[in-house]
There are 2 protein chains.
Amino acid sequence: MNEISKSVTELIQQLGRLPGVGRKSAERLAYHLLRVHESEANALAEAIVAVRKNVRYCSSCYNLSEGPLCGICADPSRDSSRLCVVEQPRDLMALEQAGVYRGLYHVLLGRISPLDGIGPEQLTIEKLVDRVRVGNFSEVIMATNPNVEGDGTSLHISNQLAEYPVEITRLARGVTSGSILEYTNREVLADALTGRQKL
Amino acid sequence: MNEISKSVTELIQQLGRLPGVGRKSAERLAYHLLRVHESEANALAEAIVAVRKNVRYCSSCYNLSEGPLCGICADPSRDSSRLCVVEQPRDLMALEQAGVYRGLYHVLLGRISPLDGIGPEQLTIEKLVDRVRVGNFSEVIMATNPNVEGDGTSLHISNQLAEYPVEITRLARGVTSGSILEYTNREVLADALTGRQKL
């Protein structure tokens, strides 16, 4: 295979480092980038460079931001008495798209995961505790992922916040809208029964 | 969603133009590029720019190449009496990986597809006929895709080459190595029976 162009090999290699992109997909993407108009390929390259140059973390909540404060922290119309704690900026974005929450956020930039060598000190938990101490939050909503590591992270944080007069809540768990009970697994049904709500 | 950074939105949009990358995958890729070391993200951007700057089509066979002639055309050890006709450079690369062919190639850069408005004049067929006319090929192997459009393209080309003293062959069709006869469809079995070979 010494016949392929070095630039193509390099591009396939770089594309193959993306998550979920295997050798075959990387080849397909590389040929796509060779086939489209040069301006389209370069637009992608420029977008990558620009995002790394322009985007940093919000100095308050660690959301992605192009300025020192992200759009949510800088928005005076947001409800500053509620704080929603998420693992990653993309979780924040998913919650925003749901469109029912108007409070502030705090992004942990990960979750506690001893197996991956990630302890609480590598997350933004210290900053979160600071925000709760000096802020006027009445409620902190834990919105970490509903799995062992996310739950562990939530538990750790709620212990850290125990001394402050805030209510700590977490996302509701139950059956998902549109799902079929017959095919729902028992953990989910147990959550749904335990957390049943008045009609 | 006015809260996401403009650079991130732009990157997600550009990534979403790649084949097989939907909105969700584009978001995932964008966050990956935000999380990795800046040098890794920039390496991808540079590889894209470099490939478009450095790579052109071989002036003889239309394979991808960094110079006027591709590595295969420039290699004197290749068998210059055989010419294998493929649709795209990636087909060429797949055949090269099979490792049994040592002749030359001709890349059509597409196939005849009236529904997509692609006629023979948009492909490199004229150049192929020129090569066969002036070259000393004893065999032209049609290796277009084994489907209606690929077969149509092959047929058109073999008509164009009918006046020249070359043997025109096509890739063998039959059952695929490792497959199970019981689950093989009838078109494939029909091909395999029609083209049966002496043991």
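As a starting point, this report considers the structure included with it. Predicted model, so just to flag it, every value in this text is computed and none were measured.

The subject of this paragraph is unusual backbone geometry. Glycine aside, negative phi is the norm for most residues, and most peptide bonds take the trans geometry. All names here are of chain B. Residue Tyr62 is not a glycine yet carries a positive backbone phi of 70 degrees. Along the polypeptide, Tyr62 turns up in the loop between strand 1 (56-57) and strand 2 (64-65). According to the relative accessible area criterion, Tyr62 is partly exposed, its value standing at 23%. In this structure, Leu109 takes a positive phi of about 60 degrees despite not being glycine. By the secondary structure assignment, Leu109 is in the loop between strand 4 (103-107) and helix 5 (125-134). Judged by its relative accessible area of 24%, Leu109 falls in the partly exposed class.

What follows covers the side chain of Thr153 of chain A. Residue and element names in this part refer to chain A. Structurally, the position occupied by Thr153 is in helix 6 (residues 148-160). Within the local environment of Thr153, its side chain forms a polar contact with the backbone nitrogen of Ile112, the two atoms lying 2.9 Å apart. Ignoring any residue separated from it by four or fewer positions in sequence, one finds Thr153 in contact with Leu108, Arg111, Ile112, Leu123 and Thr144.

Residues and elements named next belong to chain B. Here five bridges tie strand 3 (residues 79-86) to strand 4, and the two strands are oriented parallel to one another. Bridging from a neighbouring strand, Leu83 pairs with Leu104 of strand 4. In this fold, the crossover linking strand 3 to strand 4 by way of helix 4 (residues 89-98) has right-handed handedness. Pairing of strand 3 with strand 5 (residues 139-142), which is carried by four bridges, proceeds in the parallel orientation. Looking at strand 5, one finds that Leu83 is bridged to Val140.

The next subject is helix 5 of chain B. Residues and elements named next belong to chain B. The set of residues buried in helix 5 consists of Ile125, Leu128, Val129, Arg131 and Val132. Buried residues of helix 5 fall within an arc of 160 degrees about the axis and therefore sit on the same side. For helix 5, exposure combined with an orientation more than 90 degrees from the buried face picks out Glu126 and Val134. Tucked inside the fold, the buried residues of helix 5 contact strand 3, strand 4, strand 5 and helix 6 (148-160).

Attention now moves to the packing of aromatic side chains. All names here are of chain A. Enumeration according to the criterion identifies two aromatic pairs over all chains in this entry. Ring geometry for Tyr101 and Tyr105: centres 5.2 Å apart, planes at 70 degrees, overall edge-to-face. According to the relative accessible area criterion, Tyr101 is buried, its value standing at 14%. Residue class for Tyr105 comes out buried when judged on its relative accessible area of 0%.

Here we come to the nonpolar core. With 44 residues, the main nonpolar core has Leu11, Leu15 and Ile48 of chain A together with Leu11, Leu15 and Ile48 of chain B as its most contacted residues. Elements with a minimum of two residues in this core: helix 1 (6-15), helix 2 (23-35) and helix 3 (38-54) of chain A together with helix 1 (6-16), helix 2 (23-35) and helix 3 (38-54) of chain B.

All right, on to the relation of the copies chain B and chain A then. Screw-axis analysis of chain B against chain A gives a translation of 0.0 Å along the axis, an RMSD of 0.0 Å, and a rotation angle of 180 degrees. Such a combination of rotation and displacement between the chain copies is what one expects of a two-fold axis. Residues of chain B ranked by C-alpha distance from the rotation axis are headed by Ala45 of chain B, positioned 2.1 Å from it. The fraction of interface residues of chain B whose copies in chain A are also interface residues reaches 100%, indicating that both copies meet through the same surface.

What follows is about the interface of chain B and chain A. Counting residues at the interface gives 53 residues for chain B, matched by 53 residues for chain A. Here chain B and chain A share an interface that buries about 5,200 Å² over both sides, 64% of which is from carbon and sulfur atoms. Joining chain B to chain A, the criterion identifies two salt bridges. With a closest N to O distance of 3.3 Å, Arg17 of chain A and Glu40 of chain B form a salt bridge. Counting across the chain B and chain A interface gives 14 residue pairs in polar contact (both at pLDDT 80 or more). Among the secondary structure elements, those contributing two or more residues to the side of chain B that touches chain A are helix 1, helix 2, helix 3 and helix 4 of chain B. Element by element, the count of residues in the side of chain B that touches chain A is highest for helix 3 of chain B, at 15 residues.

Attention now goes to the pattern of salt bridges. Residues and elements named next belong to chain B. Under the counting rule described, the total for this entry stands at 20 salt bridges over all chains. Here Arg78 and Glu96 are joined by a salt bridge, their closest N and O atoms 2.8 Å apart. Taken together, the residues span a long stretch of sequence, with Arg78 in the loop between strand 2 and strand 3 and Glu96 in helix 4 at a distance of 18 residues. Taking relative accessible area as the criterion, Arg78 reaches 4% and is therefore assigned buried.

About the cut-offs
Residues numbered from 1 in each chain as written. Chains lettered and ligands numbered in written order. Predicted model: local features only at pLDDT ≥ 70, side-chain atom pairs only at ≥ 80, totals over all residues. Heavy atoms only, no water. Helix = DSSP H or I, 4+ residues; strand = E, 2+ residues; numbered from the N terminus. Buried < 20%, exposed > 50% of the residue type's maximum accessible area, 1.4 Å probe, protein only. Polar contact = N/O pair within 3.5 Å; in protein donor to acceptor, adjacent residues only side chain to side chain. Contact = heavy atoms within 4.5 Å. Pairing = 2+ DSSP bridges. Right-handed = clockwise from strand over helix to strand, strands pointing away. Arc of directions from axis to C-beta. Phe/Tyr/Trp six-rings, centres within 6.5 Å; stacked < 30°, edge-to-face > 60°. Core = buried A, V, L, I, M, F, W, Y, C linked by side-chain atoms within 4.5 Å. Least-squares fit on C-alpha atoms with pLDDT ≥ 70 in both. Buried area = accessible area lost by both parts, 1.4 Å probe. Salt bridge = Lys/Arg side-chain N within 4 Å of Asp/Glu carboxyl O.

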